[in-house]
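Each chain is listed here by its residues.
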Amino acid sequence: MFDREAELEKVKNGLNYPITLILGIRRSGKSSIVKVLMKEEDAIWIYIDLRKYEGKPYLNYKDLVQELERVLNSFPERLKNLFKGVKGVSISGIELRLGWSKENKVDMSNLFERLSEISEKEGKRVVIVFDESQELRKLRGYNLLYPLAYAYDNLKLRFIFTGSEIGMVYKFLKLGDAKSPLYGRAMTEVYVNPFNKDLAIEFLRRGFKEANVKVSEEELEEAYNNLGGIPGWLTYYGFYYLQFKDHKSALEKTISTAVELIKEEFNNFLSNRKEARERYYTIMQVCKRGCRWSDVKRAIEAKEGISVDDKEVTNLIKNLVDSSFLIKEGEIYRPADVLMTNAF
């Protein structure tokens, strides 16, 4: 893993405490850090990938329980048998089932309690990872914050929440809400930022060296100038360069792939915001090269021919910032990813 030693060490230290947040914009390398950690740390890992729910308007308790069930069924039979006696858990042969219906519903607090007991019995940490945890804000019919707070205060579990939509992770956890079960709880926060120019070029240089491919410094610099410092896009570029054996083709293919993915992610963002769809597109177009709040208000009003409430403009911009489509630098709003300028 390239130049993420400091972040990895912070996450390792965070395992001494109940909850760690790993935050950074899309494709910055958060999941890679978790996967390296899972290889290096001898623990009982429960990894739940929530990316599949990005395009869905909501998820329910059944979805969450089935994700947990899938992971627990990868445990050795010896560990699975330790869940016997937990209400809502049934074991038939080597298959473990978690109930989600009203009549036979496994309670998450009870499940966490048993996992904590297993941690003590095995002499190992149990670490539960929710990758892209902002999707949990769409959980309907069940408040996960109460069992999380119970586990924080009473159990020997460790939780890692990764998130690309940084503001939405905070919204899910409700850390600033005095009525939230997790209010006032200390958490380790680790930010995974894009590479600066020197690191991005060195990342590419080393990758090509390992592949025994010679690439000119001019090509590396042009790649950075077009793609920015997000490791995911740089990795795509390296892959396509090896495939096409041509810098221009690799760059064009990376940009076109990025634009498709960004548009898909933006459509997912809009799935629950259809009424304001055109306004969000207007904001992203206005802010492609940087904009102020007043620029956004003026553009929306000019397009719609009506006066728009100041609070509405503020909320629209805040949603884009919370979802990591925009970042704020002083009074200026910019796309969080340089390639977003190609998508709008």
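All figures in this text were calculated on a predicted structure; none of them were measured in a lab. (Residues numbered from 1 in each chain as written. Predicted model: local features only at pLDDT ≥ 70, side-chain atom pairs only at ≥ 80, totals over all residues. Heavy atoms only, no water.)

Caption draft 1: Broad picture of the sheet that holds strand 6 (residues 126-131). Pairing is parallel in the open sheet, where 5 strands are placed in the order 2-6-8-1-9. Because the sheet does not close on itself, it has two edges, and the strands there are strand 2 (44-49) and strand 9 (188-191). With direction set aside, neighbouring strand axes in the sheet form an average angle of 15 degrees. Two strands pair when backbone bridges link them, and strand 6 and strand 8 (residues 157-163) are joined in this way by 5 bridges, in the parallel orientation. Bridged to F130 within strand 8 is F161. (Pairing = 2+ DSSP bridges. Helix = DSSP H or I, 4+ residues; strand = E, 2+ residues; numbered from the N terminus. Axes fitted to C-alpha atoms, helices over the stretch in contact; angles between N-to-C directions.)

Caption draft 2: Just the packing of helix 12 (residues 277-286) against helix 13 (residues 293-304), in detail. It is the contact of helix 12 with helix 13, at a shortest axis distance of 10 Å, that shows an interaxial angle of 130 degrees. In terms of orientation, helix 12 lies oblique with respect to helix 13. The two elements helix 12 and helix 13 cross, and the hand of that crossing is right-handed. The residues of helix 13 that touch helix 12, namely those facing E278, R279, T282, I283 and V286, are D295, V296, A299, I300, K303 and E304. Residues that form the contact of helix 12 with helix 13 fall into these classes: 5 nonpolar, 1 polar and 5 charged. (Parallel < 35°, antiparallel > 145°, perpendicular 65-115°, else oblique. Left-handed = near helix turned anticlockwise from the far one by under 90°. Contact = heavy atoms within 4.5 Å. Nonpolar A, V, L, I, M, F, W, Y, C, P; charged D, E, K, R; others polar.)

Caption draft 3: Examining the environment of L326 more closely. Considering the arrangement of structural elements, one finds L326 in strand 10 (residues 326-329). Since its relative accessible area comes to 1%, L326 is described here as buried. Considering only alpha carbons, one finds L326 and K52, 274 residues apart in sequence, at a separation of 23 Å. Not counting residues up to four positions away in its chain, the partners in contact with L326 are I283, M284, C287, L320, V321, Y333, R334, P335 and A336. (Buried < 20%, exposed > 50% of the residue type's maximum accessible area, 1.4 Å probe, protein only.)

Caption draft 4: Summary view of the layout of surface pockets. Approximately 780 Å³ is the volume attributed to the largest pocket. Residue lining of the largest pocket: 27 residues in total, with R27, S28, G29, S32 and G232 positioned closest to the centre. Elements represented by at least two residues in the lining of the largest pocket include exactly helix 2 (30-40), helix 10 (231-244) and helix 11 (247-270). Taken together, the residues of the lining of the largest pocket sort by class into 7 nonpolar, 9 polar and 11 charged. (1 Å grid on protein atoms, 1.4 Å probe; cavity = no way out; pocket = protein on both sides within 12 Å on 5 of 7 lines; lining within 4 Å. Points joined across faces, edges and corners; volume = space filled by probe spheres on them.)

Caption draft 5: Summary view of empty space enclosed by the protein. On inspection of all chains with the given rule, the structure shows 1 cavity of 30 Å³ or more. The computed volume of the largest cavity comes to approximately 60 Å³. If you trace the largest cavity, you find it lined by I25, R26, R27, I262, E265, S324, A336, D337 and M340. Of the residues assigned to the lining of the largest cavity, the class counts are 4 nonpolar, 1 polar and 4 charged.

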